[in-house]
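Per-entry structural report
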Amino acid sequence: MLDESLLDTPEALSAADRRGLLRGAAEAGARVRTAARNAVEAGVPDLTPEGRPRAVLIAGPGAAATNVADLLGTLAGAGSPVIRLAPTGVAPAAGALRWELPGWAGSVDLLLIATPDGSEPGLSLLADAAYRRGCTVVAVAPGRTPLSESVAGAHGLFVPMATAPYEQEDDENGVEVTASAPGVLWALLTPLLALLDRTGVLSAPPEALAKVADRLDQVAERCGPAVATYSNPAKTLASELAESLPVVWTEGVSAGPAGRRFAASLAELSGTPAVVAELPEALVAHSTLLAGRLAAGADPDDFFRDRVDQAPALHARVVLLRDRPTGGLTAAPAARDLALSHDTPISELEPEAGGELETLAELIAITDFAAVYLALVSGA
């Protein structure tokens, strides 16, 4: 059950935040700046690539690598396909995972390795295999790990992952890094944005990354734990999603990966299941869902329900994440009509004007804060 009183009690939120999730969300802007600086120190601006790679392959464990691949693929478009290499294995443990290169991978392809761990033997083996195939290898991971040595042996480029001092202490004490934690995403993503900008796969110049950091700082000010729920979009969204099934609809190119990350963060951080789809296809894909037993009007509050021992029925709530669509065409009015026709409440988020990276960062940051707040107040 949700304890909404926690939302407006910063001290209680801090006490409940045993994984440092709020701190990671608040430091996202600083993490982008540190990661960009690490990329410069690693020599990314000095690279002189001979044209764009034929394909960009991304490998890494869990939600972190999945989100990075999704974001880079969306930003890159069709110029150079971005393909995530999914791991195989008998368990999600570092020692059990293995990655395989496609049979066609070769000297004109680029392999990116992104991991908040760096001790996975499978990633070291992958780097060696890529070197034998002639692939260029670039990795972002914690420094002084087995992976850093493997990348050096493969004559690749290694960028140390941007970490905070308290994370180093956690690592020494055996505290596991949460893959969906806000700081992890930006620490892994930022150097790869700088690299792919240099190779011409996408546009992410240093000034754009600086604007991303500034936008993340602005969101942290609006969504911090000291800001009351009524004026805090992240706390408001967390409160609205309590004891609901989030049905995340996205509109606009940048909103797509933000919505998919939000669903993954809800599941990993708070244990909240969510479904996600892009407009306008979402109107068909989820119309039956909204008309079924999850609709708010399908099972009205039973007068005879025991308010103490029986939890209320789970109902859907639409979350509409919108980037500004090109050409002024939008399916948002149809989305609102569909939701309201089934008595389904709807929450909407739309970023302020800015570049593609800035608006994407704002959507991710607000939903990251919301996922963290929902995790804290639900006792996850």
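Residues numbered from 1 in each chain as written. Predicted model: local features only at pLDDT ≥ 70, side-chain atom pairs only at ≥ 80, totals over all residues. Heavy atoms only, no water.

Attention now goes to the overall build of the protein. The helix and strand tally for the protein stands at 15 helices and nine strands. Taking all 380 residues of the protein together, 52% fall into the buried category. For the protein, the proportion of contacts with a sequence separation of at least 24, taken over those separated by at least 6, is 77%. With an accessible surface of roughly 16600 Å², the protein has 54% of that area assigned to carbon and sulfur atoms. (Helix = DSSP H or I, 4+ residues; strand = E, 2+ residues; numbered from the N terminus. Buried < 20%, exposed > 50% of the residue type's maximum accessible area, 1.4 Å probe, protein only. Contact = heavy atoms within 4.5 Å. Areas by Shrake-Rupley, 256 points an atom, 1.4 Å probe, with all protein chains shown as cover.)

Our next topic: the packing of helix α3 (residues 28-42) against helix α8 (residues 182-198). Packing of α3 against α8 leaves a shortest axis separation of 8 Å and a crossing angle of 35°. Where α3 crosses over α8, the handedness of that crossing is right-handed. Listed contacts from α8 to Ala28, Arg31, Val32, Ala35, Ala36 and Ala39 of α3 are Gly183, Trp186, Ala187, Thr190, Pro191 and Ala194. By residue class, the composition of the contact of α3 with α8 is nine nonpolar, two polar and one charged. (Axes fitted to C-alpha atoms, helices over the stretch in contact; angles between N-to-C directions. Left-handed = near helix turned anticlockwise from the far one by under 90°. Nonpolar A, V, L, I, M, F, W, Y, C, P; charged D, E, K, R; others polar.)

Attention now goes to the sheet that holds strand β2 (residues 82-85). Taken together, the five strands give an open sheet; going across it, the order is β2-β1-β3-β4-β5, and neighbouring strands pair in parallel fashion. Each having just a single partner strand, β2 and β5 (157-160) make up the two edges of the open sheet. In this sheet, adjacent strand axes meet at a mean angle of 20° when their direction is disregarded. Note: strand β1 (residues 56-59) against β2, four bridges, orientation parallel. (Pairing = 2+ DSSP bridges.)

So, on to the pattern of salt bridges. Side-chain pairs of opposite charge can arise where the charged atoms are in close proximity. Within this structure, the stated rule accounts for 15 salt bridges. In this structure, the salt-bridge partner of arginine 33 is aspartate 214, at a minimum N-O distance of 2.9 Å. With a gap of 181 residues between them, arginine 33 in helix α3 and aspartate 214 in helix α9 (residues 206-223) connect regions that are remote in the sequence. Overlapping salt bridges bring together Arg215, Arg222, Glu358 and Glu362 as one network. (Salt bridge = Lys/Arg side-chain N within 4 Å of Asp/Glu carboxyl O.)

With that settled, consider the nonpolar core. If you look at the biggest cluster of nonpolar residues, it comprises 83 residues, and the most contacted ones within it are Leu72, Leu112, Trp186, Leu193, Phe262 and Phe369. When residues of this core are assigned to their parent elements, the largest contribution, 16 residues, is made by helix α15 (residues 356-377). Taken together, domain 1 (18-215) and domain 2 (228-378) each give at least three residues to this core, which thus spans both. Beyond its immediate sequence surroundings of up to four residues, leucine 72 is in contact with Ile58, Val82, Leu112, Leu189, Leu192, Leu193, Leu196 and Leu202. With 20 residues, the next largest nonpolar core counts Ala127, Ala139, Ala141 and Phe158 among its residues. (Core = buried A, V, L, I, M, F, W, Y, C linked by side-chain atoms within 4.5 Å. Domains from an automatic or database assignment.)

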